[in-house]
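Listed below are the residues making up each chain.
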Amino acid sequence: MAALQSVAAKSAASYDVVVVGAGFAGMYMLHKLHVQGMTARVFEQGSGVGGTWYWNRYPGARCDVESMQYSYSFSDELQQDWNWSERYAPQPEILAYANHVADRFNLRSDIQFDTGVERAEFDERANIWSVTTSDGKTVTAKFVVLATGCLSNARKPDIKGLDAFKGKVYHTGHWPHEPVDFCGQRVAVIGTGSSGIQAVPVIAEQARQLTVFQRTANFSIPARNAALTEEERKWFRQNYPEVRRFAREEARAGIYTEMPDRGALDDGDNERRSKYEARWQRGGLTFMSVYNNLGIDQTANDTDADFVREKIAEIVKDPETAKLLQPNNHPIGSKRICIDTEYFAAFNRPNVTLVDIKSNPIEEITSNAVRAGGKDYEVDAIVLATGFDAMTGSVAKIDIRGRNGQTLNQKWAEGPKTYLGLMSAGFPNLFVITGPGSPSVLSNMIVSIEQHVDWIADCVVYMRDRGLETMEANKDAEDKWVAHVNEVAYTTLYPQANSWYMGANVPGKPRIFMPYIGGVGPYRQICNEVAAKGYEGFTMAGTERARAAS
Ligand code: N01
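Just so it is clear, the structure is predicted and the values come from calculations on it, not from any experiment.

Asker: Run through the sheet that holds strand E7 (residues 168-171), naming residues and quoting values.
Answerer: Strand order in the open sheet formed by five strands is E7-E16-E8-E9-E12, and the pairing between neighbours is parallel. At either end of the open sheet lies a strand with only one pairing partner, and these are E7 and strand E12 (352-356). Averaged over all adjacent pairs, the angle separating strand axes in this sheet is 20 degrees, with direction ignored. Sheet topology note: the strand E9 (residues 209-214)/E12 ladder contains five bridges and is parallel. Looking at E12, one finds that Leu 210 is bridged to Val 352.

Shown next as structure tokens:
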């Protein structure tokens, strides 16, 4: 078998690097490889670049990190030139930016669209990867980089009868490219995470009747979105060196903002309330940055959660609906905080109804209705805002085989195991960008993507310069890192929630806190130190030239 593969590998197109995915991670990886003079092939299952922003075209989709910061920093010309129109760019604008980057840096000719990667197998004799794609072809590469995205495997819930529904069914993470018009329709939205919370107010304006099926109430903070003024853009452009440095090195989540110097209980009630009020009025994700202990101290967290619950009660006129919308089963921030535009106010509209499916679960979907608690809610269309098989889902769809034929799915059966979220022992020369075990989804994704791409690119050059053939995470370094990621997570309140961070949204998925919560600054420092020590914790093996040189 191995011999046959070696023969097949010899006749296949061959690259230094195969990159899986042409979202923000895959595009920047390709650009770096171009700069380094490496040959690369990117496979992308969509028909265009943009990843998340290619697929998530649902009404109201926009980023929850401010655009002046949710943007590449690797090219000063790019960040000086691009004109973000709003504080939080809407999906079409972010997709236009991705396309601009692809053209500006001549990326398209090395990207093969409409092509998924189905299998990647490491040939231990030749030290190369054979990569088989959905068009039935196989190419080989010395390195494979998984730029598959953390939230890219849209999860269709297992609800009885869903396939028999006669109306249209949409998933927010797999939205059609042509406009969807809900005017005059009765629409169901199932799911009230970030996607549902963004979509509801927009769909409510179109639909004749909107029924929102809520299993878990979520904390949501007003976005306070607005057009960016020229002065605001100018400020960022002038201050980018410091804004980007701070986001990379000092901010835990990769976002430039004031850092709290005290805990919530260090202030009296009035002072605390006025600080929460000021952040609420300012809006956005940094609401959780008002104090430094909201993520670790339950009593402190309660003060913040109570504030938001009071706000919900003030906004929503019907007290029963307000009560249902008040989250009460997890600390604020332990699930990804949502950022909304008039979400809670949407429930004051006469055409919007909230159905509590925690106490009255959905029993089935019939040909024309969602049945919950014995009642049929007749609808013309269903919007599934039910989320993703996060962090591992898109990797798991690929049949990845490393040393001794072991699959990555076998190795990760009890939860993902990586060293630094970058590599997994037994899978040489296979990198993951923003993989489990790295800050990834707990940060401004672009900051984390750029850090990983730069680290991987430096590492590949280091190997090329020394004639090294393979690089692999050591099992003991990996075990220690997995234990560290877990240990840090359990110093916080995060594991208390049934969140997708924990894999809790996918039945049967192991409950492991997947991202690294130590903060992007400390994490970057760890990665840099590992590299400075000759890639400590990794084994690099070389050819005769490398051995002779050493
Ligand atoms: O998905 P989610 P999402 N029956 O998993 C419910 C990023 N994002 O797409 O909580 C009924 O958060 C589920 O209920 P429960 C962001 O990082 C960013 O909204 O499991 N309900 C939950 O209410 C975000 O966190 C942006 O009880 C079911 C909802 O569906 C991440 O993507 C915008 C169900 C899923 O919420 C994911 O967000 C959008 C079932 N069988 C997304 N299964 C921005 O940048 C699931 N649910 C703004």
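Text resumes after the structure shown.
Asker: Tell me what's going on with helix H6 (residues 194-206), and back it up with residues and numbers.
Answerer: Of all the bends in H6, the greatest, near 35 degrees, is centred on Val 200, and the proline Pro 201 appears no more than four residues after it. All buried positions along H6 are accounted for by Ser 195, Gly 196, Ile 197, Gln 198, Ala 199, Val 200, Pro 201, Ile 203 and Ala 204.

Asker: Now, about the nonpolar core: what can you tell me, with residues and values included?
Answerer: Core analysis: the largest hydrophobic core is formed by 135 residues, its most contacted members being Leu 210, Phe 431, Trp 455, Met 471 and Phe 538. It is helix H14 (residues 445-466) that contributes the most residues to this core, 11 residues altogether. Among all residues touching Met 471, those that are not within four sequence positions of it are Met 423, Pro 428, Asn 429, Phe 431, Trp 455, Cys 459, Met 463, Tyr 535, Phe 538, Thr 539 and Met 540. Counting residues in each nonpolar core, the second largest holds 20 residues, with Val 20, Ala 141, Ile 400 and Phe 427 among its members.

Asker: Tell me about the sheet that holds strand E14 (residues 369-372), and please be specific about residues and values.
Answerer: Each strand in a sheet pairs with its neighbour through backbone hydrogen bonds, running either in the same direction (parallel) or in the opposite one (antiparallel). Taken in spatial order, the three strands of this open sheet run E13-E14-E15, and their pairing is antiparallel. Two strands in the sheet have a free side with no partner beyond their single neighbour: strand E13 (362-365) and strand E15 (375-378). For this sheet the average axis-to-axis angle between neighbouring strands, irrespective of direction, equals 25 degrees. Taken together, the four bridges between E14 and E15 define a ladder with antiparallel strand orientation. Each residue of the ladder has a partner; that of Ala 372, found in E15, is Lys 375.

Asker: I'd love a proper account of the pattern of salt bridges, names of residues and values included.
Answerer: Scanning the entire structure with this criterion turns up 35 salt bridges. For Glu 230, the salt bridge goes to Arg 233, with nearest N and O atoms at 2.9 Å. Of this pair, Glu 230 and Arg 233 both sit in helix H7 (residues 230-249), three residues apart, which is roughly one turn of that helix. You can call Arg 233 buried: its relative accessible area is 12%. When the shortest N-O distance is used, the salt bridge between Glu 536 and Lys 533 registers 3.8 Å. Under the relative-accessibility criterion, Glu 536 is labelled partly exposed at 41%. Note on Lys 533: relative accessible area 52%, which makes it exposed.

Asker: Run through the pairing of E13, naming residues and quoting values.
Answerer: Here E13 pairs with E14 via three bridges, running antiparallel. Bridging across to E14, Ile 365 finds its partner in Val 370. Connecting the antiparallel pair E13 and E14 is a turn made up of three residues.

Asker: Can you break down the site of the ligand residue by residue, with the values?
Answerer: Around the ligand sit 24 residues in total, of which Thr 192, Ser 195, Gln 198, Thr 216 and Lys 335 are the nearest. A distance of 3.0 Å separates an oxygen atom of the ligand from a polar backbone atom of Asp 64. Side-chain polar atom of Lys 335 to an oxygen atom of the ligand: 2.7 Å apart, as the coordinates give it. Considering the ligand on its own, with 910 Å² of exposed area, one finds that the protein chains cover 89% of that surface. In the shell around the ligand, the residues fall into nine nonpolar, nine polar and six charged.

Asker: Before we move on, can you summarise the side chain of Asn 127 with the specific residues and values?
Answerer: You can see Asn 127 is positioned in the loop between strand E4 (117-123) and strand E5 (128-133). Asn 127 has contacts with Phe 122, Glu 469 and Thr 470, leaving out every residue within four places of it along the chain.

Asker: Give a description of the side chain of Ser 443 that names residues and reports values.
Answerer: Here Ser 443 lies in the loop between strand E18 (430-432) and H14. Sequence-distant contacts of Ser 443, that is, excluding residues within four places in its chain, are made with Ala 253, Ser 448 and Val 520.

Asker: So what's going on with the packing of H14 against helix H16 (residues 520-532)? Which residues, and what values?
Answerer: In contact at an axis separation of 11 Å, H14 and H16 are set at 0 degrees when each is read in the N-to-C sense. Relative to H16, H14 is oriented roughly parallel. Residues Val 447, Ser 448, Gln 451, His 452 and Trp 455 of H14 form the contact with H16, whose participating residues are Val 520, Tyr 523, Arg 524, Cys 527, Asn 528, Val 530 and Ala 531. Of the residues assigned to the contact of H14 with H16, the class counts are seven nonpolar, four polar and one charged.

Asker: Can you break down unusual backbone geometry residue by residue, with the values?
Answerer: The backbone phi angle of Arg 224 is positive, close to 55 degrees, even though this residue is not glycine. Relative to the elements of secondary structure, Arg 224 occurs in the loop between strand E10 (220-222) and H7. Residue classification places Arg 224 among the partly exposed positions, given a relative accessible area of 33%. Residues other than glycine seldom take positive phi values, yet Asn 404 does so here, at roughly 55 degrees.

Asker: Let's hear about helix H2 (residues 24-35): which residues, and what values?
Answerer: Residues that lie three or four places apart on an α-helix share one face, since the helix turns once every 3.6 residues. The end-to-end C-alpha distance of H2, which contains 12 residues, comes to 17 Å, matching closely the 16 Å that a straight helix rising 1.5 Å per residue would cover. Within H2 the residues assigned to the buried category are Phe 24, Ala 25, Gly 26, Met 27, Tyr 28, Met 29, Leu 30, His 31, Lys 32 and Leu 33. Two residues or fewer after H2 comes Gly 37, characterised by a positive phi angle close to 75 degrees.

Cut-offs used in this document
- Here the residue index of a chain counts from 1 through its sequence in written order.
- Thresholds applied to this predicted model are a pLDDT of at least 70 for local features of residues and 80 or more for the giving and counting of side-chain atom pairs; totals over whole chains, interfaces and linings are not thresholded and use all residues.
- Calculation of side-chain values draws on the structure's entire complement of heavy atoms; hydrogens and water are dropped beforehand.
- Think of it this way: DSSP has to see at least two bridges between two strands before they count as a pair.
- Only DSSP runs of H or I with at least four residues qualify as helices, and only runs of E with at least two residues qualify as strands; both kinds are numbered from the N terminus onward.
- Where helices are involved, their axes are fitted lines through C-alpha atoms of the stretch in contact, as for all axes, and angles between N-to-C directions lie from 0 to 180°.
- Two axes enter the bend calculation: one fitted to the seven residues ending at the residue in question, the other to the seven starting there, and the bend is the angle between them.
- The buried label goes to any residue with under 20% of its type's maximum accessible area, the exposed label to any with over 50%, and the partly exposed label to all in between, with areas taken from a 1.4 Å probe on protein chains only.
- Definition used in this section: a nonpolar core is a set of buried Ala, Val, Leu, Ile, Met, Phe, Trp, Tyr and Cys residues joined via side-chain atoms within 4.5 Å.
- The criterion used for residue contact is that any of the two residues' heavy atoms lie within 4.5 Å.
- Note on definitions: salt bridges are taken to be side-chain nitrogens of Lys or Arg within 4 Å of carboxyl oxygens of Asp or Glu.
- Only a single heavy atom is needed: when it lies within 4 Å of a molecule or strand, its residue is near that molecule or strand.
- A 3.5 Å cut-off defines polar contacts: any pair of N or O atoms within that distance qualifies, except that in protein one atom must be a possible hydrogen donor and the other a possible acceptor, and neighbouring residues in sequence count only when both atoms are side-chain atoms.
- Using the Shrake-Rupley algorithm and a 1.4 Å probe, accessible areas are obtained, with residue cover drawn only from the displayed protein chains.
- Each residue gets one of three labels, nonpolar for Ala, Val, Leu, Ile, Met, Phe, Trp, Tyr, Cys and Pro, charged for Asp, Glu, Lys and Arg, and polar for the others, Gly among them.
- Any angle that is under 35 degrees is reported as roughly parallel, and any over 145 degrees as roughly antiparallel; angles of 65 to 115 degrees are reported as roughly perpendicular and all others as oblique.
- For a helix, the expected span equals 1.5 Å multiplied by the number of residues minus one.

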